[in-house]
Amino acid sequence: MADRHRRAGLALARELAAAGQHDEAPDAPPGRGQVGWSGPELVGDERDWRLVHGPTGPGLYAGTSGIALALAGAYRVDGDAQLRRIARRAAASALAAASDLVDAGVVDLAAGSAGIGHAVAWTGALTGDDQLQAGAQALARRTAARLADLPPDPDYLGGTAGAVVALLATHPADAAVRAGAGAAAERIAQVRRDDLIGVSWPPSPGPDATALLGLAHGTSGTALALLAAAEQGAQDAEEVAAAAWDRERSWFDQHSCNWPDLRDGASTAGPGTAGGMVAWCHGAVGVGCARLRWLQLRPDLPQRLVVLAEVTAAIEAARRRVMAARAALREGVATDASLCHGLTGVTELLLAAAELPGGSDHARAAGRVGDLILAEHEQLGRWPCGLPTRDGDDGPPQPPGLFLGLAGIALGLLRLDDAAALPSMALPRPIPRLGDAAG
């Protein structure tokens, strides 16, 4: 089955490459002209939203740098020179746009300079482009310096917390990057609230405000940033991260094997309340990914058995979601396959669990989820992505980006064939020097 995942991921990557909009000659070097994509984008909030169609920005989450990363991964697998050319040009386009973002203080993981730099650095490594890697490292230094002027924001996707993780994964050898990211993490730790159990970062002031749980916008994401900074010597950062996870643990619901979604005014709900998403962004999948990173960094962790129990619960919640998706497909209903809140996120949890001693069963389970994603595509004739639809919409939206769309599905399918060779944006990691030859 692994070869089916590889072939499908490569085919999807080539479709994405063909859909890119180029304004330079085929033999132009990277960095000249622009390469980009267009597609649907969600505008508004969860209650009042609409889809608009337009060009993607440079960001990691939905834009050019994330797509470039997926194409670079496909090149690494197959050695297709056209994929390499387009990936490098797209990454160079995103890198050029990131300079203005730093000046504007847009430094976050999702749409800002930290996420762009991380994607561009990986693209350079996968395609053997030292110039891209050097540009990404320079961007990381500028971004780290810019953090000193910005208020602490514990949000993983949209705040300085995610920037800390991306910067330390992009250029950990640079003293200025380590210092800037570490100082930003320490400022995040300083604005924590002490709770009855553990600590948290509520979205608004006041004793009754409830901090969110999970990875994208909640406790797990903030704690990951502190853990990354602790690896580089930030004072007391891991202790605060552990206290944050104590608080998140108190909300675990044993019946659903999930952590509840506390958005939408759910602050009156108490620990043990069931409900919510089982996804990378909110719920068990992201919580499990964060706990696995802790175990990877601290194999001698004193509370290892407790954290392993949380990982087991997260995997069980993911298994139930996959079972529900299979049942829905038998009725002709597609389940979101995206990285952010779909089945590709589930594969990332399972692939991370497969890195634990004796984790080979989890790798096989990830492959079975990949089979389900392929079955959805074969039955429905499309890749089910992560944007919502309404009656009257002109077909299900197919964004090109990494977290909600086609690029993330393509990269996720390719990682099922060889997860060690390709990066996961579910949990950014340091970038090796891979050389120029395709593997």
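Residues numbered from 1 in each chain as written. Predicted model: local features only at pLDDT ≥ 70, side-chain atom pairs only at ≥ 80, totals over all residues. Heavy atoms only, no water.

Some thoughts on the overall build of the chain
Next, step 1: Counting secondary structure elements, the chain contains 14 helices and 6 strands.
Next, step 2: Among the 439 residues that make up the chain, the fraction classed as buried is 55%.
Next, step 3: Sequence-distant contacts, at least 24 apart, represent 65% of the contacts inside the chain between residues at least 6 apart.
Next, step 4: As presented, the chain carries roughly 17,300 Å² of accessible surface, and 52% of it is formed by carbon and sulfur atoms. (Helix = DSSP H or I, 4+ residues; strand = E, 2+ residues; numbered from the N terminus. Buried < 20%, exposed > 50% of the residue type's maximum accessible area, 1.4 Å probe, protein only. Contact = heavy atoms within 4.5 Å. Areas by Shrake-Rupley, 256 points an atom, 1.4 Å probe, with all protein chains shown as cover.)

Digging into the state of the cysteines
Next, step 1: In total, this model carries 0 disulfides according to the counting rule given.
Next, step 2: Cysteine Cys281 shares no disulfide, and the gap to the nearest cysteine sulfur, in Cys340, comes to 3.9 Å.
Next, step 3: Take Cys281: its relative accessible area is 4%, and that puts it in the buried class. (Disulfide = S-S within 2.5 Å.)

Re the packing of aromatic side chains
Next, step 1: The full count for this structure, using the stated rule, is 5 aromatic pairs.
Next, step 2: Ring centres of Trp245 and Trp294 lie 4.6 Å apart, and the angle between their planes is 40°; on these two criteria the pair is classed as tilted. Here Trp294 lies in helix α10 (residues 284-297) and Trp245 lies in helix α9 (residues 237-249), a separation of 49 residues in the sequence.
Next, step 3: For Trp245, a relative accessible area of 0% puts it in the buried group.
Next, step 4: Members of the aromatic cluster, joined through ring pairs, are Tyr61, Tyr156, Trp280 and Phe403. (Phe/Tyr/Trp six-rings, centres within 6.5 Å; stacked < 30°, edge-to-face > 60°.)

Observations concerning α10
Within an α-helix, residues lying three or four positions from one another point in the same direction, as the helix has 3.6 residues per turn.
Next, step 1: Here α10 spans 20 Å end to end across 14 residues, near enough to the 20 Å set by a 1.5 Å rise per residue.
Next, step 2: Burial within α10 is extensive, with 12 of its 14 residues counted as buried.
Next, step 3: All of the buried residues along α10 are Ala284, Val285, Gly286, Val287, Gly288, Cys289, Ala290, Arg291, Leu292, Arg293, Trp294 and Leu295.
Next, step 4: On its buried face, α10 sits against α8 (219-231), α9, α11 (304-330) and α12 (343-353). (Expected span 1.5 Å × (residues − 1).)

Examining the pattern of salt bridges
Next, step 1: The final tally for this structure, using the stated rule, is 25 salt bridges.
Next, step 2: One salt bridge connects Arg192 with Asp194, and the closest N-O pair in it is separated by 4.0 Å.
Next, step 3: Residue classification places Arg192 among the partly exposed positions, given a relative accessible area of 36%.
Next, step 4: Assessed through its relative accessible area of 61%, Asp194 is described here as exposed.
Next, step 5: A salt bridge links Asp261 to Arg263; the shortest N-O distance between them is 2.5 Å.
Next, step 6: The exposure class of Asp261 is partly exposed, given its relative accessible area of 21%.
Next, step 7: Relative accessible area serves as the criterion here: at 22%, Arg263 is assigned to the partly exposed category. (Salt bridge = Lys/Arg side-chain N within 4 Å of Asp/Glu carboxyl O.)

Focus on the packing of helix α3 (residues 81-104) against helix α5 (residues 130-147)
Next, step 1: As a packed pair, α3 and α5 sit with axes 10 Å apart at the nearest point and diverge in direction by 15°. Viewed along their axes, α3 and α5 adopt a mutual orientation that is roughly parallel. Helix-helix and strand crossings are classified by hand; for α3 and α5 the assignment is left-handed. The segment α3 lies against α5, with Arg88, Ala91, Ala92, Leu95, Ala98, Ser99, Val102, Asp103 and Ala104 engaging Leu132, Gly135, Ala136, Leu139, Arg142, Thr143 and Arg146.
Next, step 2: For the contact of α3 with α5, a count of residues per class yields 9 nonpolar, 3 polar and 4 charged. (Axes fitted to C-alpha atoms, helices over the stretch in contact; angles between N-to-C directions. Parallel < 35°, antiparallel > 145°, perpendicular 65-115°, else oblique. Left-handed = near helix turned anticlockwise from the far one by under 90°. Nonpolar A, V, L, I, M, F, W, Y, C, P; charged D, E, K, R; others polar.)

With respect to the environment of Ala313
Next, step 1: Along the chain, Ala313 falls in helix α11.
Next, step 2: Here Ala313 falls in the buried class, since its relative accessible area comes to 10%.
Next, step 3: Sequence-wise, Ala313 and Asp253 are 60 residues apart; in three dimensions their C-alpha atoms are separated by 9.7 Å.

Overview of helix α14 (residues 406-417)
Next, step 1: With 12 residues, α14 extends 18 Å from end C-alpha to end C-alpha; this agrees with the ideal 16 Å at 1.5 Å per step.
Next, step 2: All of the buried residues along α14 are Leu406, Ala407, Gly408, Ile409, Ala410, Leu411, Gly412, Leu413, Leu414, Arg415 and Leu416.
Next, step 3: Looking at the buried positions of α14, the neighbouring elements they touch are α1 (2-19), α2 (64-78), α12 and α13 (360-380).

Digging into the packing of helix α4 (residues 113-127) against α5
Next, step 1: Put simply, α4 and α5 touch, their axes get as near as 8 Å, and they point 160° apart. One way to sum up the angle between α4 and α5 is to call them roughly antiparallel. Considering the relative orientation of α4 and α5, their crossing is left-handed. Along the contact surface, α4 presents Ser113, Ala114, Ile116, Gly117, Val120, Ala121, Thr123, Gly124 and Ala125, while α5 presents Leu132, Gln133, Ala136, Leu139 and Thr143.
Next, step 2: Partitioning the contact of α4 with α5 into residue classes produces 8 nonpolar, 6 polar and no charged.

Brief notes about the nonpolar core
Next, step 1: Ranked by internal contacts, the top residues of the largest apolar core, which has 147 residues, are Leu71, Trp280, Trp383, Leu402 and Phe403.
Next, step 2: Considering each element in turn, this core owes the most residues, 11 residues, to α3. (Core = buried A, V, L, I, M, F, W, Y, C linked by side-chain atoms within 4.5 Å.)

A short note on the confidence of the model for the chain
Next, step 1: Taken over all residues, the pLDDT of the chain has a mean of 90, while the share at 70 or more is 90%.
Next, step 2: Of the regions scoring below 50 in pLDDT, residues 265-274 engages in 15 contacts with residues more than four places distant in sequence or in other chains.
Next, step 3: Contacts for the low-pLDDT stretch residues 435-439, under 50 throughout, to residues beyond four places or in other chains number 16 contacts. (pLDDT = per-residue confidence, 0-100.)

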